[in-house]
Amino acid sequence: MKVDVLLGTQWGDEGKGKIVDVLTPSYDVIARFQGGPNAGHSLEFNGMRHVLHTIPSGIFHSDSLNIIGNGVVLDPVVFKKEIDKLKELGVDARKNLVISKKAHLILPTHRIIDAASEAAKGKEKIGSTLKGIGPTYMDKTGRNGMRVGDIISPEFLNKYKYLTEKHENILKHYDYDYSLLDFEQGWFEGIELIREFKLVDSEYLMNDLISEGKKILAEGAQGTLLDIDFGTYPFVTSSNTVCAGACNGLGFAPGKIARVMGIFKAYCTRVGSGPFTSELLDEDGIKLQKMGHEFGSTTGRPRRCGWLDLVALKYAVMINGINELIMTKADVLDSFDSIKLASHYLVNGEKTAFFPYSIEGDVKPVYKEFKGWKVDITGIRTYNELPEELKNYISFIEQETGVPVKIVSVGPDREQTIFR
Ligand code: GDP
Ligand code: IMO
Ligand code: MG
């Protein structure tokens with residue numbers, strides 16, 4: 001059996017957590033391939049809302065195996081909080097969650113450097129979630145990092161001290177007050193908890209599972225426009241959020257990929273700094289934020305809102321080889337008289353359908369307008385029952401991208417999902 005990949009096509013928060021949870025009953029394995037606690041994946045069922053950061057969104061289905069892949073960066077403090085919360089809900093993750101030995105550890109000093117570096121950037125800051133993501137991936141590519149597998153080494157403490165000292169030297173260059181003691185105890189408690197989990201060679205495990213014919217879903221974090229190579233650099237995260245990242249982040253070959261599911265909101269949001277061509281700074285933007293409850297799942301920051309960016313969506317389809325699209329939050333548009341999408345850009349006055357090298361500067365959206373449907377769709381469960389205006393909007397997106405929209409989500413709950 002091959003691996004299916006589900007990933008974000010925008011700037012994250014497209015509803016990946018909800019959809020992975022909904023799809024999990026059709027899979028044996030859910031595997032996270034990149035990112036870390038910068039992610040906040042929300043799931044809703046039985047009237048409860050859950051937010052996962054590093055744990056794959058299949059965890060609530062006890063018969064699915066969940067894998068944290070080598071491409072993920074793991075903060076023991078956040079991990080422990082997540083596991084403790086699950087325990088309160090009666091979920092013992094030790095039974096169906098395994099962790100790659102090659103996943104990198106976020107140290108307390110990684111978080112401190114993230115904060116110090118952002119503070120030093122002032123107005124130019126990335127708007128990082130301050131979870132230590134950038135500094136941890138820097139140590140990974142700089143070949144200084146610590147991996148989960150190191151925790152069973154007799155050299156573990158020495159390695160920790162060595163790297164922490166190195167970081168403290170770096171911190172001397174910043175005018176930034178911190179206390180390591182505030183962080184360290186919780187970190188070592190988290191390490192003890194990680195020891196209770198099965199630590200695996202996820203590349204062998206993945207390939208064995210593929211050979212055994214298991215159905216596997218690779219769960220992405222963030223979104224294509226936050227990809228380190230293809231996103232709106234430098235306002236991006238530090239990992240490959242695109243489809244190829246699934247191979248690197250789990251250890252299987254590109255030929256093993258089957259379906260590539262690209263998820264997008266019926267409009268668009270961004271949290272943190274950076275350009276956003278179809279951003280709305282008017283009443284419509286405020287309305288989208290209010291109707292969509294657009295506040296970050298990880299940081300609580302308000303998300304910037306705007307119309308759907310088709311130029312970026314087509315780019316995401318190309319980069320990822322998306323062969324199925326999933327539209328979420330269509331219900332958020334229920335009360336709008338008219339809906340727009342950016343079909344093209346004007347770059348220095350010239351109309352284009354290409355996503356340019358940079359979307360900073362003189363880049364403006366060219367909108368196509370659609371009639372709103374003005375009905376509550378949150379209770380609809382079949383595609384045919386959806387209002388014609390919404391179906392027209394979806395058909396246009398399908399035509400332009402050349403990819404079918406297979407799922408339409410009409411509310412945050414598991415049940416509020418329409419399959420075609
Ligand atoms: P993720 O990071 O991609 O998993 O997305 P987040 O969980 O950060 O943000 C998506 C938010 O939208 C969450 O609060 C979800 O509960 C919510 N959500 C997901 N799908 C829908 C939908 O179809 N309609 C509405 N109204 N909310 C949704
Ligand atoms: P999920 O998986 C939305 C954004 C941050 C910031 C930039 C870099 O929930 O979709 P980082 O902490 O990675 O150094 O921040 O990326 N960002 C996200 N935005 N959803 C996410 O994850 C994000 N993870 C990071 O706001 O602009
Ligand atoms: Mg999120």
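Residues numbered from 1 in each chain as written. Chains lettered and ligands numbered in written order. Predicted model: local features only at pLDDT ≥ 70, side-chain atom pairs only at ≥ 80, totals over all residues. Heavy atoms only, no water.

On to the coordination of the magnesium ion (ligand 3). Note on the magnesium ion (ligand 3): its protein donors are D13 (OD) and G40 (O). The metal-donor distances range over 2.1 to 2.2 Å. Here G40 lies in the loop between β2 (29-32) and β3 (41-45) and D13 lies in the loop between β1 (3-8) and α1 (16-23), a separation of 27 residues in the sequence. Overall, G40 belongs to the buried group, its relative accessible area being 10%. (Donors = N, O, S within 2.8 Å, 3.2 Å for Na, K, Ca; no water. Helix = DSSP H or I, 4+ residues; strand = E, 2+ residues; numbered from the N terminus. Buried < 20%, exposed > 50% of the residue type's maximum accessible area, 1.4 Å probe, protein only.)

Right, let's get into the packing of aromatic side chains. Evaluated as defined, the whole model comprises 12 aromatic pairs. Aromatic pair F45 and F60: ring centres 5.2 Å apart, planes at 70°, arrangement edge-to-face. Of this pair, F45 sits in strand β3 while F60 sits in the loop between β4 (48-52) and β5 (65-68), and the two are 15 residues apart along the sequence. Taken together, a centroid distance of 6.2 Å and an interplanar angle of 10° make the contact between F156 and W187 stacked. Note that F156 is positioned in helix α5 (residues 156-171) and W187 in helix α6 (residues 181-195), a separation of 31 residues in sequence. What makes W187 buried here is its relative accessible area of 1%. Among the aromatic residues, those joined into a cluster by ring pairs are F156, Y160, W187 and F188. The aromatic ring of F370 is capped on one face by K368, whose charged end is 5.3 Å from the ring centroid. Over the ring of Y383 we find R420; its NZ or CZ atom is 3.8 Å from the centre of that ring. (Phe/Tyr/Trp six-rings, centres within 6.5 Å; stacked < 30°, edge-to-face > 60°. Lys NZ or Arg CZ within 6 Å of the ring centre and 35° of its normal.)

This part takes up the site of ligand 1. In the vicinity of ligand 1, 21 residues are found, and the nearest of them are K16, G40, S42, D331 and S409. Within the backbone of E14, an N or O atom sits 3.1 Å from an oxygen atom of ligand 1. Burial of ligand 1 by the protein amounts to 95% of the accessible area it has alone, namely 590 Å². Among the elements of the structure, α1 and β3 are those that each provide at least two residues to the shell around ligand 1. For the shell around ligand 1, the per-class residue count stands at 3 nonpolar, 9 polar and 9 charged. (Near = heavy atom within 4 Å. Polar contact = N/O pair within 3.5 Å; in protein donor to acceptor, adjacent residues only side chain to side chain. Areas by Shrake-Rupley, 256 points an atom, 1.4 Å probe, with all protein chains shown as cover. Nonpolar A, V, L, I, M, F, W, Y, C, P; charged D, E, K, R; others polar.)

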